[in-house]
Amino acid sequence: MPECAISELGKIDPATRIRDVIRSVGFDLVFQPKVAFSHGKLGGIEVLVRWPEVVAGRQAPDQFVPLAEQHGLAPMLDLHVLERTLRTWRSWSALTRLCWSPFPISVNVSAMSVQDEDFLRSVTWLLAESPRPKLMFELTETAPFHNPLAAAQTLEALSGHGIQVSLDDFCTGFNNHERLDTLPVAELKIDREDTAKLDTIAGIRHVGQMIEQAKAAGLTVTAEGIECRDQWKTLRTLGCDYGQGYWLCPPLSASDAVEFVQDYTPS
Ligand code: C2E
Ligand code: CA
Ligand code: CA
Ligand code: CA
């Protein structure tokens, strides 16, 4: 795409801009490792979308992901991220033994996408090509669940393809306890706002209860937003399985992520 056309994107309405980015240069991806409390090594990687550097009017994902949802573009964005993730992973596996590694790559998927009729078909089509990584979909609920039945059917079908489901930002947004009973969920993610409150008795009790409840339902637990050693120690004591956060490792470029993977894969 010519330089001038890219800068022109700054003047168009938000939905058209998002669609144009997907169809032209594509969104950038960064990768944030998940670290296992048991051995301090890699337990997974989360993919996070970024506004491309070459496109004017940079926005944070907290701004443009909800805009994509409001304009019905969440399935398109999530499939775009999945397609780029698979491409990146294939380039990694050409470089390393990552192909055989046991940990999953987590991709954020809007509640809107799993209620979309064509989403499952497109995911199945993207996954037909092998090899492919172990995948987990982090179900974010910034968009409401109008059709829980359709979502449950899609997630069941995805489980059939070996894709695990994680409930992101549990207890925030629309994510709530009923989801544990109605959806095929493998992981629960504790939001960074809850991690930030671990310096109070009430905060520790709240997170402890979530971990207990998840364990009782047979789920693993990942806490996000770990910014200091004290939070790591408290979460370890509470029985949390995996941690993420700036104190452990910030989101990395694809080339830095592959180095992290090589250095921190459990032997
Ligand atoms: P999230 O899935 O809860 O992602 C965690 C956010 O916390 C990320 O922000 C990450 O960069 C940030 N973070 C990581 N460690 C720390 C820490 O120690 N402290 C603090 N304060 N923040 C930390 P990011 O990348 O800006 O993403 C924001 C949200 O946008 C995500 O929240 C997710 O809901 C959404 N999102 C990001 N990528 C995608 C995507 O590909 N698809 C969809 N549907 N949503 C996405
Ligand atoms: Ca997430
Ligand atoms: Ca989260
Ligand atoms: Ca969050």
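The model shown is predicted, which means the values in this text are computed figures rather than measured ones. (Residues numbered from 1 in each chain as written. Chains lettered and ligands numbered in written order. Predicted model: local features only at pLDDT ≥ 70, side-chain atom pairs only at ≥ 80, totals over all residues. Heavy atoms only, no water.)

Asks: Help me get a handle on the coordination of the calcium ion (ligand 4), residues and values and all.
Replies: Taken together, Asp169 (OD), Asp169 (OD), Asp191 (OD) and Glu224 (OE) make up the full set of protein donors to the calcium ion (ligand 4), lying 2.3 to 3.0 Å away. One chain supplies every donor to the calcium ion (ligand 4), and in sequence these donors are spaced D-x21-D-x32-E. Between the calcium ion (ligand 4) and the calcium ion (ligand 3), the interatomic distance is 3.2 Å, and Asp169 donates to each metal, bridging them. In this pair, Asp169 is assigned in strand 5 (residues 164-170) and Asp191 in the loop between strand 6 (187-190) and helix 9 (192-196), connecting sequence segments 22 residues apart. (Donors = N, O, S within 2.8 Å, 3.2 Å for Na, K, Ca; no water. Helix = DSSP H or I, 4+ residues; strand = E, 2+ residues; numbered from the N terminus.)

Asks: Can you break down the packing of aromatic side chains residue by residue, with the values?
Replies: Tallied over the entire structure, the rule returns seven aromatic pairs. The interplanar angle of 70° and the centroid separation of 5.6 Å between the aromatic rings of Phe27 and Trp51 together place this pair among those described as edge-to-face. Taken as a pair, Phe27 in the loop between helix 2 (14-23) and strand 1 (28-36) and Trp51 in the loop between strand 2 (42-50) and helix 3 (61-70) lie far apart in primary sequence, 24 residues in all. Since its relative accessible area comes to 0%, Phe27 is described here as buried. Take Trp51: its relative accessible area is 1%, and that puts it in the buried class. Arranged with centres 6.3 Å apart and planes meeting at 50°, the rings of Trp232 and Trp247 form a pair that is tilted. Here Trp232, found in helix 11 (residues 229-237), pairs with Trp247, found in the loop between strand 8 (242-243) and helix 12 (254-264); they are 15 residues apart in sequence, far enough to count as distant. In this structure Trp232 comes out as buried when scored by relative accessible area, which is 9%. (Phe/Tyr/Trp six-rings, centres within 6.5 Å; stacked < 30°, edge-to-face > 60°. Buried < 20%, exposed > 50% of the residue type's maximum accessible area, 1.4 Å probe, protein only.)

Asks: Which residues make up the coordination of the calcium ion (ligand 2), and what values do they have?
Replies: Looking at the calcium ion (ligand 2), one finds its protein donor set to be Glu46 (OE), Asn108 (OD1), Glu138 (OE) and Asp168 (OD), positioned 2.2 to 2.3 Å from the metal centre. Taken in chain order, the donor set of the calcium ion (ligand 2) reads E-x61-N-x29-E-x29-D. For the pair the calcium ion (ligand 2) and the calcium ion (ligand 3), the metal-to-metal distance amounts to 3.8 Å, and Asp168 bridges them. Residue Glu46 is found in strand 2, and its partner Asp168 is found in strand 5; the two are separated by 122 residues along the sequence. Across the pair, exposure class does not vary: Glu46 and Asp168 are buried alike.

Asks: Describe the pattern of salt bridges, with residues and values.
Replies: Counting across every chain of the model gives seven salt bridges. Among the ionic pairs, Lys189 bridges to Glu46, the shortest N-O distance being 2.8 Å. Here Lys189, found in strand 6, pairs with Glu46, found in strand 2; they are 143 residues apart in sequence, far enough to count as distant. In this structure, Lys189 and Glu46 share a single accessibility class: buried. A cluster of three or more residues bridged by salt bridges with shared partners is formed by Glu46, Glu138 and Lys189. (Salt bridge = Lys/Arg side-chain N within 4 Å of Asp/Glu carboxyl O.)

Asks: Would you mind going over the sheet that holds strand 5 in detail, with residue names and values included?
Replies: Judged by pairing direction, the barrel is mixed, and its eight strands sit side by side in the order 1-2-3-4-5-6-7-8 before closing back on the first. Both strand 5 and strand 6 contribute to a ladder of three bridges, which runs parallel. Residue pairing across strands places Leu167 opposite Leu188, the latter belonging to strand 6. Its contacts with the sheet place helix 10 (residues 201-216) against strand 5, strand 6 and strand 7 (220-223), and it is angled at close to 175° to strand 6. (Pairing = 2+ DSSP bridges. Contact = heavy atoms within 4.5 Å. Axes fitted to C-alpha atoms, helices over the stretch in contact; angles between N-to-C directions.)

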